[in-house]
Amino acid sequence: MLRNIYYYRLIFVYDRTTAQTEETMEDRIKQEIRDLLKERNAVLLAHNYMRDEVQEIADLTGDSLGLSIEAARTESDVIVFCGVHFMAESAAILSPGKTVLLPRLDAGCPMADMVTVEELVALKDRLPGVPVVTYVNSSAAVKAVSDICCTSANAQKVVASLPDREIIFVPDRNLGRYVARTSDKVFHFWDGYCPTHERLKAEDVRRRKEEYPDALFICHPECNPAVVDLADHVCSTTGMYDWCRQSPARRFIIGTEAGILYRLRADNPGKEFIQASPALICPNRKLTSLEDIRAALISMEPVVTVAEDIRIPAKRSLDRMLAIPRD
Ligand code: 13P
């Protein structure tokens, strides 16, 4: 018995020592990143889906719209974009004088890859004069052959701002369908989608609602229409922070990528946030680690650039979107 107690105490001491060592290592990397950010006059931006520790150290966290605005405004020489490739491209389009680092060049977006310039130009040829509204989750080259961009936060406003009766909506069919619910325009949807949001099924939501009957269900418009039909509220990631903070409800079922839970929980200690499905994890958003950020700031690589012949027309599409007043 005594030997057992000794053994368990040893495990306890070992566990604590390991935890402390790990904690110290993480703290040390964070401090190194902070020092490097100062040295390089760099700003660290992180999307709301990034790993908890990356969001924690970021100068700014936000949704696609907020981060593109901040990327354009920042005084820093260097933007370290903790997100996926199209976001770093948007920063490079809006801030041509700055160096844009994407710590993981392999962090892509499968939905953005579902549309190519050639395919979009072919559709435009079949529908002459119909304007193209392109979700920011798209490549710079696709933005360059579009008329205006939108994000999940402003898609309805962007569509409403156009005088045309018909529009081509690219690449997210789910966001497009969601906007079409409140619009009298004729939509030509692209058949793209986010594989992470698409994994959330209406059955998953129904099951969660049965488990937590008092909870409200909030989802991102990238979810499929059957899921959207079950939602108490549909909004962008930043919209979720605002809505849950203001809501008197105590429990929320969240239908978007798991990274959002970090700040929802941190900002609302008295409330409970339940993931709608454990499948809501985007492997691309989870790639970037603290070590990757430190390595990027040391080597000043990988740099994301956009050639001028793409940057100028892509910027026009983003500028048209940014000219639409926010609420
Ligand atoms: P928002 O952060 O703009 O809501 O977009 C989420 C997103 O990027 C999904 O891939």
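Residues numbered from 1 in each chain as written. Predicted model: local features only at pLDDT ≥ 70, side-chain atom pairs only at ≥ 80, totals over all residues. Heavy atoms only, no water.

Caption draft 1: Region of the structure containing the site of the ligand. Around the ligand, the neighbouring residues are His-47, Tyr-49, Asp-63, Ser-64, Tyr-135, Asn-137, Ser-152, His-220, Glu-222, Ser-236, Thr-237 and Arg-285. Separating an oxygen atom of the ligand from a side-chain N or O atom of Asn-137 is a distance of 3.0 Å. Take Thr-237: an N or O atom from its side chain is 2.7 Å from an oxygen atom of the ligand. When the ligand sits alone it has 300 Å² of accessible area, and the protein chains cover 99% of it. Considering only residue class, the shell around the ligand consists of two nonpolar, seven polar and three charged. (Near = heavy atom within 4 Å. Polar contact = N/O pair within 3.5 Å; in protein donor to acceptor, adjacent residues only side chain to side chain. Areas by Shrake-Rupley, 256 points an atom, 1.4 Å probe, with all protein chains shown as cover. Nonpolar A, V, L, I, M, F, W, Y, C, P; charged D, E, K, R; others polar.)

Caption draft 2: Up close: the sheet that holds strand E7 (residues 166-170). Spatially, four strands are ordered E6-E5-E7-E8 in an open sheet, and the strand pairing comes out parallel. Looking along the sheet, the strands with just one partner apiece sit at the ends: strand E6 (148-150) and strand E8 (186-189). Sheet twist, expressed as the average angle between the axes of neighbouring strands with direction ignored, equals 30 degrees. Strand direction decides the pairing type here: strand E5 (residues 132-135) and E7, joined by three bridges, are parallel. Bridge assignment links Val-132 to a residue of E7, and that residue is Ile-168. (Pairing = 2+ DSSP bridges. Helix = DSSP H or I, 4+ residues; strand = E, 2+ residues; numbered from the N terminus. Axes fitted to C-alpha atoms, helices over the stretch in contact; angles between N-to-C directions.)

Caption draft 3: Just the nonpolar core, in detail. Counting 46 residues, the largest nonpolar core has Ile-79, Phe-81, Val-133, Cys-150, Phe-169 and Met-321 as its most contacted members. Sequence-distant contacts of Ile-79, that is, excluding residues within four places in its chain, are made with Val-43, Leu-45, Ala-71, Thr-74, Ala-91, Ser-95, Lys-98, Thr-99, Val-100 and Leu-101. Among the nonpolar cores identified, the runner-up in size contains 19 residues, and Ile-33, Val-80, Ile-293 and Leu-297 belong to it. (Core = buried A, V, L, I, M, F, W, Y, C linked by side-chain atoms within 4.5 Å. Buried < 20%, exposed > 50% of the residue type's maximum accessible area, 1.4 Å probe, protein only. Contact = heavy atoms within 4.5 Å.)

Caption draft 4: Examining the environment of Cys-223 more closely. Secondary-structure assignment places Cys-223 in the loop between strand E9 (216-219) and helix H11 (225-228). On the basis of relative accessible area, Cys-223 is assigned to the buried category, the value being 1%. Leaving out residues up to four positions away in the same chain, Cys-223 has contacts with Asn-174, His-197, Leu-200, Val-228 and Gly-255.

Caption draft 5: Spatial organisation of the state of the cysteines. Across all of its chains, the model carries zero disulfides by this definition. Here Cys-150 stays free of any disulfide, with the sulfur of Cys-149 as its closest cysteine sulfur at 7.5 Å. With relative accessibility at 0%, the residue Cys-150 sits in the buried group. Summary of cysteine pairing: Cys-219 is not part of a disulfide, and the nearest cysteine sulfur, belonging to Cys-223, is at 4.3 Å. (Disulfide = S-S within 2.5 Å.)

Caption draft 6: Region of the structure containing helix H3 (residues 64-73). Burial of H3 is extensive: seven of the ten residues sit out of reach of the surface. Residues of H3 that are buried include every one of Ser-64, Leu-65, Gly-66, Leu-67, Ser-68, Ile-69 and Ala-71, and no others. Tucked inside the fold, the buried residues of H3 contact strand E1 (42-47), strand E2 (60-62), strand E3 (78-82), helix H4 (85-94) and helix H15 (308-322). Of the residues flanking the start of H3, the one acting as N-cap is Asp-63, its side-chain oxygen 2.7 Å from the backbone nitrogen of Gly-66.

Caption draft 7: Region of the structure containing the pattern of salt bridges. As enumerated under the stated definition, the model contains 19 salt bridges in all. Measuring nitrogen to oxygen at the nearest pair gives 2.8 Å for the salt bridge that ties Arg-173 to Asp-191. Of this pair, Arg-173 sits in helix H8 (residues 173-180) while Asp-191 sits in the loop between E8 and helix H9 (195-198), and the two are 18 residues apart along the sequence. Residue class for Arg-173 comes out buried when judged on its relative accessible area of 16%. Shared partners join several salt bridges into a network, and the residues in it are Glu-26, Lys-30 and Glu-56. (Salt bridge = Lys/Arg side-chain N within 4 Å of Asp/Glu carboxyl O.)

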